[in-house]
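Examining the three-dimensional arrangement
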Amino acid sequence: METAKHQGAVLIEELLQYAIHHKILKADDVIWTRNQLMDLLQVDEPSFEPGNFDIEKPIPESAAPILENILDYCFEKEILEENTLTHRDLLDTRIMGVFLSKPSEIRDKFYANKELEGIQWATDDFYHLCQKSNYIRMDRIQKNLMWKSPSPFGELEITINLTKPEKDPKEIAALKNAPQSGYPKCMLCSENVGYAGRVNFPARQTHRTIALSLHGETWHLQYSPYVYYNEHCIVLKEEHVPMKITRDTFHRLFDFVDQFPHYFIGSNADLPIVGGSILNHDHFQGGRYVFPMEKSGIEYSLRNDVDAELEAAVVNWPMSVLRICSDNSVKLGDLAFSILTKWREYSDSEHEILAYTTGKAGNQIPHNTITPIARKKQDGRYELDLVLRNNRTSKEHPLGIFHPHDDLHHIKKENIGLIEVMGLFILPGRLENELKSLSSYLTGKAPEQADALSKSSHTLHHHKIWINKLIQKYGNNLNEEQAKFILKDEVGIKCQRVLADAGVYKTTAKGREGFDRFLASIGFNRK
């Protein structure tokens, strides 16, 4: 029977085999890497037996199954302090960090690849490294539930986010009692590269960024560890400064798509409620992906009174989207900033749009901003979508007039950021089990009547109105497949409503009349 230490040595060899197979380890570095892993796992002597991989059990695509065995071994050997998800993540990131080169070497390789093979080859190679090093935890991402839902605006894309498993009560208590630290300042700061992490901050030994020059400033490209779409990247400013959309923002976006023409790039809005979850560090999001909004087509074309060559249109989308296109990025960026400047001052009380309100201290509170998305088309032209946003609240809608309204909060309550604006919905993980439970009311197999959800203590209480409407609409004698299909379809309808609520001008005759009025004020009229 093999000893525990021999077991640890064999696991090390399996991880080395994995790394060589996926080309994140060179043969010349095997001895050094083996010694580092032996030190981490407290193994005295190596095992030169090959790992247990063969035709029946091939080398896995992800390091996760090997790491799970290593972590179990570490808990047995008391190397792992606690067998919680947090502590396991801290240790397995430290282990995989051994395989990564220094940041400067990875950047040099990226730019060498770009020079020799082109930018797509460079991003492919860097993305491969981020996946195979387990920085992007593909095993968890693949657990996400995803489907497409038809709408009058094209197919919406829906994801129930299961990437971040829920913490147990012990971990939650540990987080509450953990000492606070101001380093790194936030999840996006460049100081995250190589950081060991702590119980209330993720380990980042496998994290690397690529330095870029955007409009004369240093920015960094990294991939999101929780990719929601193909090659989901984050482009962050080197300095820790708050998000603010300025004239320079548009020129940075175009500078980026000049360097990465196979990627789109966009910015969350720079105000609370309509912005993203991180407003204290200026950043963009991009990637190699075509979103539903880009596919949805044009509702009607516009002419520009100043520049007849400029292409412009209103996008067929529930939110208020102006699309402008030109082969001159400087002119397009300046125009975009001019539109933003005018929108920031624009009020239309008929549509509940107020540019400013007065705060308790008599200060003026701004409410208008935009969500911009830039692309470079195959013909070399630049395309920019400007999504009008307003973050005003009211007594009726305390979380936002142009935010998902109360009757949608059982599905989506969080801010509608860049990704949702473009038609990809990231829904909370709780919905996986909640939808399974709700389906039993549509099949008649629930242990109780739907009226039981009226009790405030019921775990599905927040769905009570919705499920009763669905029973009225579809009955309660469906088979399981029908119930599952209908729930997905109805979630899609809710997501369409989310976009409609977030739209400052609605897709009605009155709404389009109001939108046209604003467009005319900035020199755009229907053709």
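Residues numbered from 1 in each chain as written. Predicted model: local features only at pLDDT ≥ 70, side-chain atom pairs only at ≥ 80, totals over all residues. Heavy atoms only, no water.

So, the overall build of the protein chain
Selection rule: Strands here are runs of E lasting at least two residues and helices are runs of H or I lasting at least four, both read from the DSSP assignment and numbered beginning at the N terminus. Between the two quantities, the radius of gyration covers C-alpha atoms and the globule rule is 2.2 Å times the number of residues to the power 0.38. Exposure is judged per residue with a 1.4 Å probe applied to protein chains only, and the accessible area is read against the type maximum: over 50% gives exposed, under 20% gives buried, and values in between give partly exposed.
Helix and strand counts for the protein chain come out as 16 helices and 16 strands. A compact globule built from 527 residues should have a C-alpha radius of gyration of about 24 Å, and the protein chain, at 26 Å, falls within 12% of that. Overall, the C-alpha framework of the protein chain stretches about 80 × 65 × 50 Å when taken along its three principal axes. Within the protein chain, the proportion of its 527 residues that are buried is 53%.

Let's talk about the side chain of His-458
As a reminder of what qualifies: Contacts between residues were defined by any pair of non-hydrogen atoms, one from each residue, lying within 4.5 Å.
Mapped onto the secondary structure, His-458 falls in the loop between helix H13 (431-443) and helix H14 (464-474). Dropping the residues within four chain positions of it, His-458 is found in contact with Tyr-441, Glu-448, Ala-452 and Leu-453.

Points about the nonpolar core
We count it as follows: Residues belong to one nonpolar core when they are buried, are Ala, Val, Leu, Ile, Met, Phe, Trp, Tyr or Cys, and are joined through side-chain atoms within 4.5 Å.
With 91 residues, the main nonpolar core has Leu-15, Leu-221, Val-235, Phe-256, Leu-519 and Phe-524 as its most contacted residues. For this core, the element with the most residues is helix H1 (residues 4-21), which contributes seven residues. Leu-418, Leu-438, Tyr-441 and Trp-466 belong to the second-largest nonpolar core, a separate cluster that totals 48 residues.

Description of the sheet that holds strand S2 (residues 156-160)
Put simply, the test is: Strands were regarded as paired on the criterion that DSSP finds at least two bridges between them. Axes here mean lines fitted to C-alpha atoms, for a helix over just the part in contact, with angles spanning 0 to 180 degrees between N-to-C directions.
With mixed pairing, the three strands of this open sheet are ordered in space as S1-S2-S15. Either end of the sheet is taken by a strand with one partner, and the two such strands are strand S1 (145-149) and strand S15 (424-427). Ignoring which end each strand starts from, the neighbouring axes of this sheet average 20 degrees apart. The pairing of S1 with S2 spans five bridges and is antiparallel. Counterpart to Ser-149 in the pairing with S2 is Leu-156.

Points about the packing of aromatic side chains
We apply this condition: Stacked, tilted and edge-to-face pairs are distinguished by plane angle, under 30 degrees for stacked and over 60 for edge-to-face with tilted covering the rest, among Phe, Tyr and Trp rings (Trp via its six-membered ring) whose centres lie within 6.5 Å.
Applying the stated criterion to the full structure yields 21 aromatic pairs. Centroid distance Tyr-229 to Tyr-289: 5.7 Å. Interplanar angle 35 degrees. Geometry classified as tilted. On the criterion of sequence distance, the pair formed by Tyr-229 in the loop between strand S4 (217-223) and strand S5 (233-237) and Tyr-289 in the loop between strand S7 (283-287) and helix H10 (292-295) is long-range, its members being 60 residues apart. Taking relative accessible area as the criterion, Tyr-289 reaches 27% and is therefore assigned partly exposed. The rings of Phe-110, Tyr-111, Phe-126, Tyr-127, Tyr-223, Phe-256, Phe-260 and Tyr-263 are connected pair by pair, giving a single aromatic cluster.

Structural notes on the pattern of salt bridges
Operational definition: The salt bridge definition used is simple: a Lys or Arg side-chain nitrogen within 4 Å of an Asp or Glu carboxyl oxygen.
Per the stated rule, a full pass over the model turns up 39 salt bridges. One salt bridge connects Asp-270 with Arg-344, and the closest N-O pair in it is separated by 3.3 Å. Of this pair, Asp-270 sits in the loop between strand S6 (264-266) and S7 while Arg-344 sits in helix H11 (residues 329-344); the two residues are 74 residues apart in sequence, bridging distant segments of the chain. Taken individually, Asp-270 and Arg-344 each receive the classification buried, so the pair is uniform in this respect. Asp-379 is paired through a salt bridge with Arg-381; the nearest N and O atoms lie 2.7 Å apart. Relative accessible area serves as the criterion here: at 25%, Arg-381 is assigned to the partly exposed category.

Comments concerning the environment of Gln-7
Inspection of the secondary structure assignment puts Gln-7 in helix H1. With 36 residues separating them along the chain, Gln-7 and Val-43 place their C-alpha atoms 9.4 Å apart.

Remarks on the side chain of Thr-209
Heads up, the rule is: For this analysis, a polar contact is any N or O atom pair within 3.5 Å, provided that within protein one partner can donate a hydrogen and the other can accept it, and provided that sequence-adjacent residues contribute only side-chain to side-chain pairs.
With respect to the element layout, Thr-209 can be found in the loop between helix H8 (169-177) and strand S3 (210-214). You can call Thr-209 buried: its relative accessible area is 2%. Within the local environment of Thr-209, its side chain forms a polar contact with the side chain of His-220, the two groups lying 3.1 Å apart. Once you skip the residues sitting within four places of it in the chain, Thr-209 turns out to touch Arg-107, Phe-126, Val-193, His-220, Leu-221 and Gln-222.

Observations regarding the state of the cysteines
Put simply, the rule is: By disulfide we mean two sulfur atoms from cysteines, separated by a distance within 2.5 Å.
Enumeration over the complete set of coordinates arrives at zero disulfides. Cys-186 carries a free sulfur, and the closest cysteine sulfur to it, the one in Cys-189, is 3.7 Å from it.

With respect to the packing of H13 against helix H15 (residues 480-502)
If you want to describe how two helices pack, look at the angle between their axes and the distance between the axes. Quick reminder of the rule: In what follows, roughly perpendicular refers to angles from 65 to 115 degrees, roughly parallel to angles under 35, roughly antiparallel to angles over 145, and oblique to any angle outside these ranges. It is the rotation of the near helix from the far one that decides the hand of a crossing: anticlockwise by less than a right angle makes it left-handed, clockwise makes it right-handed. Only Asp, Glu, Lys and Arg are considered charged in this grouping, and only Ala, Val, Leu, Ile, Met, Phe, Trp, Tyr, Cys and Pro are considered nonpolar; every other residue, Gly among them, is considered polar.
Where H13 meets H15, the closest approach of the two axes is 9 Å, and the angle between their N-to-C directions is 120 degrees. The orientation of H13 with respect to H15, classified from their angle, is oblique. Once H13 is placed against H15, the crossing between them reads as right-handed. On the side of H13, the interface is formed by Leu-435, Leu-438, Ser-439, Leu-442 and Thr-443, while H15 contributes Glu-480, Ala-483, Ile-486, Leu-487 and Val-491. Here the contact of H13 with H15 is built from residues that sort into seven nonpolar, two polar and one charged.

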